Amino acid sequence: MMKKNIFNPPSPVESYFLNRSKQDFRYAPDEKIPVVQVNNFPLLGQLTALRFLEWVQSNPEGVISLPTGKTPEYFIRYVEHYLASWEQQQTQALLERVGIQHSNKPSLHNLQFVQIDEFFPIAPTQHNSFYDYVMKYYIQGFGVSADRAQLIDATTINFPRGRTFQEVFPDMVVDLGLRFSQPKTTQGRLQKEAIERVDEFCTNYECRIREKGGIGFFLGGIGPDGHIAFNVRGSDYFSTTRLTPTNFETQAAAASDLGGIEVSQKRLVITIGLQTITYNPEATSLIFAAGEAKAGIVAAAVQEDPANIHPAGALHTMPNARFYITSGAAVFLERRQEHQVSSTAKLSNDLVDQHMLTLSMQTRTPIQEITEKQVIGNGVTAAALTRSKNTLPEIKQRIFDSLVAKLDHGLARVQDEVFFHTAPHHDDIMLGYLAHIVHLVRTPRNQHHFAYMTSGFNAVTNEFVKDQIQHALEYMQTNQYLRLKTEDYFDAANEMGAQRDIYTYLDGVANHSRTHKYKGSSRRLIRNLLILFPDYDLDSLPDKMQELIDYLDTRFPGQKDDPLMQEFKGRIREWEADLVWAHYGTPIKNVHHLRLGFYKGDIFTEDPTIDRDVQPILEYMERIKPTVVTLALDPEASGPDTHYKVLQAVAEAIRLYKEKYPKAPLRVWGYRNVWFKFQPTDANIFVPVSLNSMAIMRETFRHCFQSQVDAPFPSFEYNGPFSELAQAIQVQQHQDMKRVLGRDFWYGNEHPRIRAAKGLVYIKEMELEEFYTRATELQKVTESLG
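Every value quoted in this text rests on a predicted model; they were computed, and no experiment measured them.

**A short note on the overall build of the protein**
A tally of regular secondary structure across the protein gives 30 helices and 16 strands. By the compact-globule yardstick of 28 Å for 786 residues, the protein fits well, its C-alpha radius of gyration being 28 Å. Along the first, second and third principal axes, the C-alpha atoms of the protein reach 80 × 75 × 55 Å. Buried positions account for 61% of the 786 residues belonging to the protein. Of the contacts formed within the protein by residues at least 6 apart in sequence, a portion of 78% connects residues at least 24 apart. As displayed, the protein has an accessible area near 32100 Å², and 49% of this comes from carbon and sulfur atoms.

Rendered as structure tokens:
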């Protein structure tokens, strides 16, 4: 049994953020480790940066291990910002408020850096290796001495017979079963000995850390399976640095780094162990997490007793261990939710209703049958009922009526609207609310315009591009191609030709003809290549196409492409989006690809700017004069970073549009899909989804998003295409509401669409002032780094 309170009091920085959050440091005995909570992802970076600088002031030569990936973006930016502006009055005022001595500017040069983990095998020179990340952001960016850094570099391992790891593992696959077998081939014996050398490297790596006294400051994320470093679910609390495989959740999370799930499934990792992290009992060990997607795993790590299935439980005995999380990641920390309800100055009906709905769903009791005994038996709902101005029967009726009204809103006829559907990525809209669009497009009295803000080239694998080029080369040998060649069909100005590309492909879908589909996609690919490479004509283009295949053959998976290849891959994604909306009669001129400049394929995308990113959106709005703008709504900036950066760009474009046209009618619809989900109280439009609508989404995705059908970059929640995950989410939302409203409401309803529903889509409709409030909070935080 763990001692009741082994944890040291919060530091001055932690105390500052605790006071702002109005939450306790730890709600014992439920929470087994202290927690500091902030509102959003950028603030999470600010908290971790200030705590790091506070620690460095007292430990200028300490041993540190810092994370890689996308989560540290704002941690890195804030550390660099504060060090660069240390002498400025604004920074000094902040440092004083948080309890950091501004007279003692920390130097990071003499810190001793220990790399946490690395893929294996991988060359340290690859831009998607963690070694490269550490060198770029921590050694060069922070100025930590390279001479004092302990890094994981596979090229320094003394492989047998002087071979390189590429020669030992030519297919980049390492079979750990060789540790325990007697290989019969020369190559097998070579690989077995190489693995033994790697194991020896890991042992020496561990010894060097212990010789330093262990890690003094550890900052890490928590993986979708709860992994800390690459200590996946089930790892031994006494594990040390080792070469080890991972699991699907971890491989899915790493797919974007490595160029696809096929690559990440083959990679092993070298990782420090859980005992490596806990070896120094006085270490400051911080785990940070953002967003509701992490809420379940955070709740298990914080509230469950230590067990191998919860790797973070290894930190429960460390006096200076903490979880730093956003409000979204805290939604399943029950005592925090109870405290929020009890202490908030003005308790909203939405907050009361949210917790009553959660109780209804958890107990599988229809909301109108919830008893006072059930409410009082739950700490959160008991506090909500105590503070509410309404009686329990009034609350239950209000919730029931509200849910019915949301369904009515989703069923209502919508017409005489001009929709400006916006999306960060090319499948976001259809995954988010295609089931609603299917009904919105049925009346010609609505206009629909679709705008994709980024090129999305990171989602297209090299192998897919090579296949598409090869199909096009084969098509160029056909008589049909030779005829079209004489008709100027492929001329860039031939808009009808571009539209015919789509019709040809969709004819292939209708006829179950793979040949027709290849014709359509090959025509569009040829057209795009002529636009991208104007120095080539149709006679010389095959040479360029072969050159592109050769270029792709020289690239390692996940390697950043040159700008022209990025645009080429992006145009493949754009073609896929064109196909989607052509299903519903949308002309190609109504599908706009903005290719905003902040999206460049770097691990951290740039912030949007007015001239480069906002102006194109504004100009498109001025041209079509929308009455409804839809957007991906991520209130914490905890989903993919392009989501909240697109949100800021669209918000600014809307603000400028309304300044110029103050009387123009305009409202906003926020949608979510596989990355971030609505609570029922967050949304006010519930759209019933039938089996027919699910089939439409599934088939549309399968036929149009060819680059994504094999799920090269899957969600950690589901090993398959995003359309199937989106369907699973919609089904779950319907199951939840079926429990809340009762089966009879659905099965006996007068409306056929409600009776036929097997899923629900949630949408948040907002007037502009509400939308500005949601967007501005994030904007203020991110602009503080400008």
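Next comes the rest of the write-up.
**Points about the environment of Arg 739**
Along the chain, the position of Arg 739 falls in helix H27 (residues 722–741). Measuring from C-alpha to C-alpha, the distance between Arg 739 and Val 414 comes to 28 Å, with 325 residues separating the pair along the chain. In this structure, Arg 739 is in contact with Ser 360, Met 361, Arg 364, Thr 365, Pro 366 and Gln 732, ignoring residues within four places of it in sequence.

**Some points on the nonpolar core**
Grouped together as the largest cluster of nonpolar side chains are 67 residues, with contacts concentrated most on Ile 617 and Ile 654. With eight residues, the single largest contributor to this core is helix H25 (residues 641–660). Counting residues in hydrophobic clusters, the runner-up holds 57 residues, among them Ile 6, Leu 178, Val 198 and Leu 268.

**Points about the pattern of salt bridges**
One pass over the structure, following the stated rule, counts 45 salt bridges. Measuring nitrogen to oxygen at the nearest pair gives 3.8 Å for the salt bridge that ties Arg 595 to Glu 567. Linking Arg 595 in the loop between strand E12 (591–593) and helix H24 (610–624) with Glu 567 in helix H23 (residues 563–582), this pair joins segments that are 28 residues apart in sequence. Under the relative-accessibility criterion, Glu 567 is labelled partly exposed at 26%. One salt bridge in this structure joins Lys 677 and Glu 717, with 3.4 Å as the shortest N-O distance. Of the two residues, Lys 677 is situated in the loop between strand E14 (667–671) and strand E15 (685–690) and Glu 717 in the loop between helix H26 (691–704) and H27; the sequence distance between them amounts to 40 residues.

**Some points on H23**
Under the 1.5 Å per step criterion, the end-to-end length of H23 is 28 Å for 20 residues, consistent within 8% with the ideal 28 Å. Across the 20 residues of H23, 17 count as buried, placing the element largely inside the fold.

**Looking at the pairing of strand E4 (residues 117–120)**
Residues of E4 alternate between two faces, with Asp 117 and Phe 119 on one and Glu 118 and Phe 120 on the opposite face, all of them buried. Bridge count between E4 and strand E7 (residues 268–271): four bridges; the pairing is antiparallel. Bridge pairing in E7 links Glu 118 to Ile 270.

**Things to note about the state of the cysteines**
Enumeration according to the criterion identifies zero disulfides in this entry. The cysteine Cys 202 is free of any disulfide, with Cys 207 supplying the nearest cysteine sulfur at 11 Å. Looking at Cys 202, the relative accessible area reads 1%, which means it is buried.

**A look at the sheet that holds strand E1 (residues 35–38)**
Backbone hydrogen bonds are what pair the strands of a sheet, in a parallel or an antiparallel way. Strand order across the open sheet formed by six strands is E1-E9-E8-E5-E2-E3, with parallel pairing between neighbours. If you trace the sheet from one side to the other, it starts and ends with E1 and strand E3 (112–113), each paired once. Across two bridges, strand E2 (residues 63–65) lies against strand E5 (residues 217–221) in parallel orientation. Each residue of the ladder has a partner; that of Ile 64, found in E5, is Phe 217.

**Digging into the packing of H24 against H25**
For the pair H24 and H25, the least separation of the axes is 9 Å and the interaxial angle reads 55°. Viewed along their axes, H24 and H25 adopt a mutual orientation that is oblique. At the point where H24 passes H25, the crossing takes the right-handed sense. Residues Ile 610, Val 614, Ile 617, Leu 618, Met 621 and Glu 622 of H24 form the contact with H25, whose participating residues are Ala 649, Val 650, Glu 652, Ala 653, Ile 654, Leu 656, Tyr 657 and Lys 660. Here the residues of the contact of H24 with H25 are counted per class, giving 11 nonpolar, no polar and three charged.

**Notes on the packing of aromatic side chains**
Enumeration according to the criterion identifies 37 aromatic pairs in this entry. Here the aromatic rings of Phe 75 and Phe 142 are separated by 6.0 Å at their centres, their planes lie at 65°, and the arrangement is edge-to-face. Within this pair, whereas Phe 75 is found in helix H3 (residues 73–84), its partner Phe 142 is found in the loop between helix H5 (130–140) and helix H6 (165–168), the two being separated by 67 residues in sequence. Grouped by ring-pair contacts, the aromatic residues Phe 52, Trp 55, Phe 75, Phe 113, Tyr 133, Tyr 137, Tyr 138, Phe 142, Phe 217 and Phe 604 constitute a single cluster. Between the NZ or CZ atom of Lys 625 and the centre of the ring of Tyr 661, over which it lies, the distance is 5.7 Å.

**A short note on helix H16 (residues 392–411)**
Helical geometry note: an α-helix holds 3.6 residues per turn, so side chains three or four residues apart project in the same direction. Compared with an ideal rise of 1.5 Å per residue, which puts 20 residues at 28 Å, H16 spans 29 Å between its outermost C-alpha atoms and is within 8% of the ideal. Of the positions making up H16, those classed as buried are Leu 392, Ile 395, Lys 396, Arg 398, Ile 399, Phe 400, Leu 403, Lys 406, Leu 407, Gly 410 and Leu 411.

**Some remarks on the sheet that holds strand E11 (residues 447–452)**
As summarised here, the arrangement of the seven strands in space is E12-E11-E10-E13-E14-E16-E15, forming an open sheet in which the pairing is mixed. Strand pairing shows two members of the sheet lacking a second neighbour, E12 and E15, which therefore form its edges. Geometrically, the sheet is characterised by an average inter-axis angle of 25° between neighbouring strands, direction not taken into account. Where E14 lies against strand E16 (residues 757–766), four bridges are found, and the strand directions are antiparallel. Across the sheet, residue Val 668 finds its bridge partner in E16, namely Met 766. Sheet strands in contact with H25 are strand E10 (418–423), strand E13 (628–632) and E14, and its direction is about 160° off that of E13.

**Points about the environment of Ala 649**
Residue placement: Ala 649 occurs in helix H25. The sequence separation of Ala 649 and Ile 610 amounts to 39 residues, and the corresponding C-alpha distance is 7.8 Å. In contact with Ala 649, other than residues within four places in its own chain, are Pro 608, Val 614 and Ile 617.

**Here's the deal with the side chain of Gln 303**
Within the secondary structure, Gln 303 sits in helix H11 (residues 295–303). Within the structure, the side chain of Gln 303 is placed 3.5 Å from the backbone oxygen of Phe 332, a separation counted as a polar contact. Here the side chain of Gln 303 touches Glu 334 through a polar contact of 3.2 Å, landing on its backbone nitrogen. Excluding anything up to four places from it in sequence, Gln 303 contacts Asp 30, Lys 32, Phe 332, Leu 333 and Glu 334.

**Thoughts on the pairing of E10**
Counted residue by residue, E10 has six buried out of six residues, so it is predominantly covered. Covered by surrounding structure in E10 are Val 418, Phe 420 and Thr 422 together with Phe 419, His 421 and Ala 423, the residues of both alternating faces. In this structure, E10 lies alongside E11, joined through six bridges in parallel fashion. Residue Val 418 lies in a different strand from E11, and its bridge partner there is Gln 447. Taken together, the three bridges between E10 and E13 define a ladder with parallel strand orientation. Paired with His 421 across the two strands is Thr 630, which belongs to E13.

Conventions and cut-offs
- Residues numbered from 1 in each chain as written.
- Predicted model: local features only at pLDDT ≥ 70, side-chain atom pairs only at ≥ 80, totals over all residues.
- Heavy atoms only, no water.
- Helix = DSSP H or I, 4+ residues; strand = E, 2+ residues; numbered from the N terminus.
- Rg over C-alpha atoms; globule rule 2.2 N^0.38 Å.
- Buried < 20%, exposed > 50% of the residue type's maximum accessible area, 1.4 Å probe, protein only.
- Contact = heavy atoms within 4.5 Å.
- Areas by Shrake-Rupley, 256 points an atom, 1.4 Å probe, with all protein chains shown as cover.
- Core = buried A, V, L, I, M, F, W, Y, C linked by side-chain atoms within 4.5 Å.
- Salt bridge = Lys/Arg side-chain N within 4 Å of Asp/Glu carboxyl O.
- Expected span 1.5 Å × (residues − 1).
- Pairing = 2+ DSSP bridges.
- Disulfide = S-S within 2.5 Å.
- Axes fitted to C-alpha atoms, helices over the stretch in contact; angles between N-to-C directions.
- Parallel < 35°, antiparallel > 145°, perpendicular 65-115°, else oblique.
- Left-handed = near helix turned anticlockwise from the far one by under 90°.
- Nonpolar A, V, L, I, M, F, W, Y, C, P; charged D, E, K, R; others polar.
- Phe/Tyr/Trp six-rings, centres within 6.5 Å; stacked < 30°, edge-to-face > 60°.
- Lys NZ or Arg CZ within 6 Å of the ring centre and 35° of its normal.
- Polar contact = N/O pair within 3.5 Å; in protein donor to acceptor, adjacent residues only side chain to side chain.

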